[in-house]
Amino acid sequence: MGDIQRPGALYQQVAAEIRNAIAAGEFPPGAPLPSETQLIERYKVSRPTVRNAVAALRSEGLIEVIHGKGSFVRAAAAPTLAVNRSIHRTDGTFALGHHWETVEEPTVYRTQTTATTAPLLELPEGEALFGADRLLADPRTGTRALHRVLIPFATAENTPLAQAPDTAPEGIYAVLTEAGHPLTWTETVSARMPQPDERTALELPNATPVVISTRITHGTDHQPLILEQLTASAAEAQFAYRLTADTTPART
């Protein structure tokens, strides 16, 4: 490990060494870690330092302790839920590819565009928005998800959305179509560690990241009309998409 200049960070350095060994495949998923005595000998540190390092890795979700057996590298389980992100349209009626059940009534509020949402909606920061948040659950697996829709006042103006911004997404698409917009969608997927309120609402165990889809509904001249975000446990859910080829102009 080399010379250690900061004794207070010693357990963190040991944890980093073990983490690197796991990443390199020296300790594969499901395999036991060396015993405390072996780790003490390997890293030339005290027993409390080893225990603190293992505790840190356990809090990260890399290690699980089985009573009476020892510490094991946690096996990464495959997500149990594939969320179909497709949208189906029949005339002016829309349906989503995945069916969710609503756990709680939507929370409706007024907010403003931020440094993050303003560019996505192609609006200046501070622009007025309606917000509606839903807590959802998959009826088969019980996997929870958070759904947020942000509707600019300009989009809602002169439509039923001004009075009912908590309209379900498929209903919003129908309203926007009725208003004359030819709808298209773009979507991006990202992952991060959850905020405390997300962790509570989604009932996440320690050190579990979330996966987030950010969907923009575009209207006339590809103008962004609304922003949706669906947030779920990255350990339980994955997003599935159907891809189709765009028509490419013939080369001349």
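Residues numbered from 1 in each chain as written. Predicted model: local features only at pLDDT ≥ 70, side-chain atom pairs only at ≥ 80, totals over all residues. Heavy atoms only, no water.

1. Section: a nonpolar patch on the surface
Note the cut-off: Residues form patches when they are more than 30% accessible in relative terms and have no salt bridge. Like charges link within 9 Å. Nonpolar side chains (Val, Leu, Ile, Met, Phe, Trp, Tyr) link within 5 Å. Areas reported here follow the Shrake-Rupley algorithm with a probe of radius 1.4 Å; residue values treat only the protein chains shown as occluding. Salt bridge, as used here: a side-chain nitrogen of Lys or Arg that lies within 4 Å of a carboxyl oxygen of Asp or Glu. A run of H or I in DSSP counts as a helix once it spans at least four residues, and a run of E counts as a strand once it spans at least two, with each numbered from the N terminus. Relative accessibility under 20% of the residue-type maximum defines a buried residue, over 50% an exposed one, and the middle range a partly exposed one, all with a 1.4 Å probe and only protein chains included.
Residues Val189, Tyr241 and Leu243 make up a contiguous nonpolar surface patch of roughly 330 Å² in combined accessible area. By the element assignment, Val189 lies in strand β10 (residues 184–192). Assessed through its relative accessible area of 46%, Val189 is described here as partly exposed.

2. Some words on the packing of helix α1 (residues 10–23) against helix α3 (residues 47–59)
Packed helices, taken two at a time, are described by the angle between their axes plus the distance between the axes. Basically, it comes down to this: Each axis is a line fitted through C-alpha atoms, and for a helix only the stretch in contact is used; angles between axes span 0 to 180 degrees, taken between their N-to-C directions. Here roughly perpendicular refers to angles of 65 to 115 degrees, roughly parallel to angles under 35, roughly antiparallel to angles over 145, and oblique to all remaining angles. The handedness criterion is simple: a crossing whose near helix is rotated anticlockwise from the far helix by less than a right angle is left-handed, and one whose near helix is rotated clockwise is right-handed. Contacts are residue-level and defined by heavy atoms, with any inter-residue pair within 4.5 Å sufficient.
Look at α1 against α3: their axes get within 8 Å of each other, and the N-to-C directions meet at 60 degrees. If you check the angle between α1 and α3, you find them oblique. Crossing of α1 over α3 shows right-handed handedness. Residues Leu10, Tyr11, Val14, Ala15, Ile18 and Arg19 of α1 pack against Thr49, Asn52, Ala53, Ala56 and Leu57 of α3.

3. So, the pattern of salt bridges
In total, this model carries 10 salt bridges according to the counting rule given. Between Glu36 and Arg47 there is a salt bridge, with its nearest N and O atoms 2.8 Å apart. With Glu36 in helix α2 (residues 36–43) and Arg47 in helix α3, the pair connects residues that are 11 residues apart, well separated along the chain. Take Arg47: its relative accessible area is 35%, and that puts it in the partly exposed class. Salt-bridge contacts for Glu187 lead to Arg85; the nearest nitrogen and oxygen are separated by 2.8 Å. With Glu187 in strand β10 and Arg85 in the loop between β3 (81–84) and β4 (87–90), this residue pair connects regions lying 102 residues apart in the sequence. For Glu187, a relative accessible area of 24% corresponds to the partly exposed category. Assessed through its relative accessible area of 13%, Arg85 is described here as buried. Connected through salt bridges with shared partners, the residues Glu36, Arg47 and Arg51 form a single ionic network.

4. What about the side chain of His98?
Note the cut-off: For the purposes of these results, a polar contact is taken to be a pair of N or O atoms within 3.5 Å, where, inside protein, one atom must be able to donate a hydrogen and its partner to accept one; residues adjacent in sequence count only when each atom of the pair is a side-chain atom.
In this structure, His98 sits in the loop between β5 (93–96) and β6 (101–102). The exposure class assigned to His98 is buried, which follows from its relative accessible area of 14%. Polar contacts involving the side chain of His98 include one to the side chain of Asp138, which spans 2.9 Å. In this structure, His98 is in contact with Leu81, Ala82, Val83, Asn84 and Asp138, ignoring residues within four places of it in sequence.

Remember that the coordinates give geometry; whether it matters functionally is a separate question.
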